[in-house]
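Structural description and commentary
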Amino acid sequence: MMWHNFETNGGTKPGLGISVGSLKAKDPSRLKRLKPSHRMEGIYSKQKFFLVFVLFHMVATLVKGQGTRVGFYASSCPLAESIVSSAVQSHFQSDPSVGPALLRMHFHDCFVHGCDASILIDGPDSEKKAPPNLGVRGYKVIDDAKAQLEATCPGVVSCADILALAARDAVVLANGPKWEVPTGRRDGMLSLASDTDTLPGFSESIEEQKKKFAAFGLNTRDLVTLVGAHTIGTTACQFFSYRLFNFTAVGNGADPSINPEFVSQLQTLCPPSSDDTGRVALDTDSVDSFDVSFFENLRNGRGILESDQMLWTDASTRSIAQSYLGVRGLRSLNFNIEFGRSMVKMSNIGVKTGTDGEIRKICSAIN
């Protein structure tokens, strides 16, 4: 960020574009000759100067604390973003399912130790080995992008930034929105499977999900919006088949929040005799397109994961989901715009910048 300059009688100092030269008296003794009202004006002027001084340092501290910015590699590695985009597109062309995989990987990374690429580290007890991450994939995309970046700009671009950029590019390839990704993250040096309990679970209540999101500075709208990423991708039967059989002792035995006509379809896809490894689209009839049909399915009782359907059954989140569908009487929200905003917010969770962390040479190992 560029700071404007302001001038004082003592010279030029960085500031907020405010001229305060008049705040410094050329003749200190002149204040004694001023009328009382003028002396008060002088005092107030000094107070204003002090306030501007404090505000400047507060803003500077906040900017420094943020650490990331759009165009961070503009000088050090101008081709960084295009190299990542090219790698993602190459893999996406041969396997479109890699798109939602990268988006999920970024989410799972940020919710453990912040967005520091700790999920990429190999090891017997690393985050990769935790149950919630066993199905995470797309590592080859990140490795390929990193190899190309190291050949072009050695030791410059972090794995954490590659992951943040790749997640954005994956959404774009699914006909979703494109947003500016602040970069400048550094890579973490710790990855433990035991630390992944901060990840939201597929059967957790809305209140529990809210608590986990709030712990990272994300609000209820962010929760609904980011879960909306399930508009693309699939999930394994093992994560929802319990909703289909013996969930209740009445009716068809399925979770009553599931549309009865949809239950039989899901039971066919995930029969009791299966090994639960079969996969089902999270957004029925729109698995490869980034749109609001995910929320339409929730409205129609066709949410796959229990935690997804809860977004509609819980009043505190339903109104937000309805706003993306343009329900009459509610202020409409643009899902694409809000998704980009929430992704930027999420991608700045616990980022390591400056001298924190490192720039890994390869993403799967600490230097």
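Structural data are supplied above this passage.
Residues numbered from 1 in each chain as written. Predicted model: local features only at pLDDT ≥ 70, side-chain atom pairs only at ≥ 80, totals over all residues. Heavy atoms only, no water.

Quick word on unusual backbone geometry
Under the convention used in this document: A run of H or I in DSSP becomes a helix once it reaches four residues, and a run of E becomes a strand once it reaches two; helices and strands are each numbered from the N terminus. Accessible area is worked out with a 1.4 Å probe on protein chains only. A residue is then buried under 20% of its type maximum, exposed over 50%, and partly exposed in between.
Although it is not a glycine, histidine 113 adopts a positive phi angle of roughly 65 degrees. With respect to the helices, strands and loops of the structure, histidine 113 is situated in the loop between helix H4 (98-110) and helix H5 (139-152). According to the relative accessible area criterion, histidine 113 is partly exposed, its value standing at 31%. One non-glycine residue, asparagine 246, lies in positive phi territory at about 55 degrees. Locating asparagine 246 in the fold gives a position in the loop between strand E3 (234-236) and helix H9 (260-269). Using a relative accessible area of 73% as the deciding quantity, one classes asparagine 246 as exposed.

Observations regarding the state of the cysteines
Between two cysteines, a covalent bond joining their sulfur atoms is known as a disulfide. Just so we agree on the cut-off: To count as a disulfide, a pair of cysteine sulfur atoms needs to be within 2.5 Å.
Counted by the stated rule, this structure contains four disulfides. One disulfide bridge connects cysteine 77 with cysteine 153, the sulfur atoms lying 2.1 Å from each other. Between cysteine 77 and cysteine 153, the disulfide has an S-S torsion of 80 degrees and is therefore right-handed. Separated by 76 residues along the polypeptide, cysteine 77 in the loop between helix H2 (36-66) and helix H3 (80-94) and cysteine 153 in the loop between H5 and helix H6 (159-173) bring together distant segments of the chain. Judged by relative accessible area, which is 8%, cysteine 153 ranks as buried. Through a disulfide, cysteine 159 is tied to cysteine 363; the S-S separation comes to 2.1 Å. Across the S-S bond linking cysteine 159 and cysteine 363, the dihedral sits near -95 degrees, which makes this disulfide left-handed.

Some thoughts on the packing of aromatic side chains
Under the convention used in this document: Aromatic rings from Phe, Tyr and Trp, taking only the six-membered ring of Trp, are treated as a pair when their centres fall within 6.5 Å; an angle between ring planes under 30 degrees marks them as stacked, one over 60 as edge-to-face, and anything in between as tilted.
Evaluated as defined, the whole model comprises 16 aromatic pairs. Judged by centre distance (6.1 Å) and plane angle (50 degrees), the rings of phenylalanine 107 and phenylalanine 213 are tilted. With phenylalanine 107 in helix H4 and phenylalanine 213 in helix H7 (residues 206-214), this residue pair connects regions lying 106 residues apart in the sequence. Each member of the pair, phenylalanine 107 as well as phenylalanine 213, is classed as buried.

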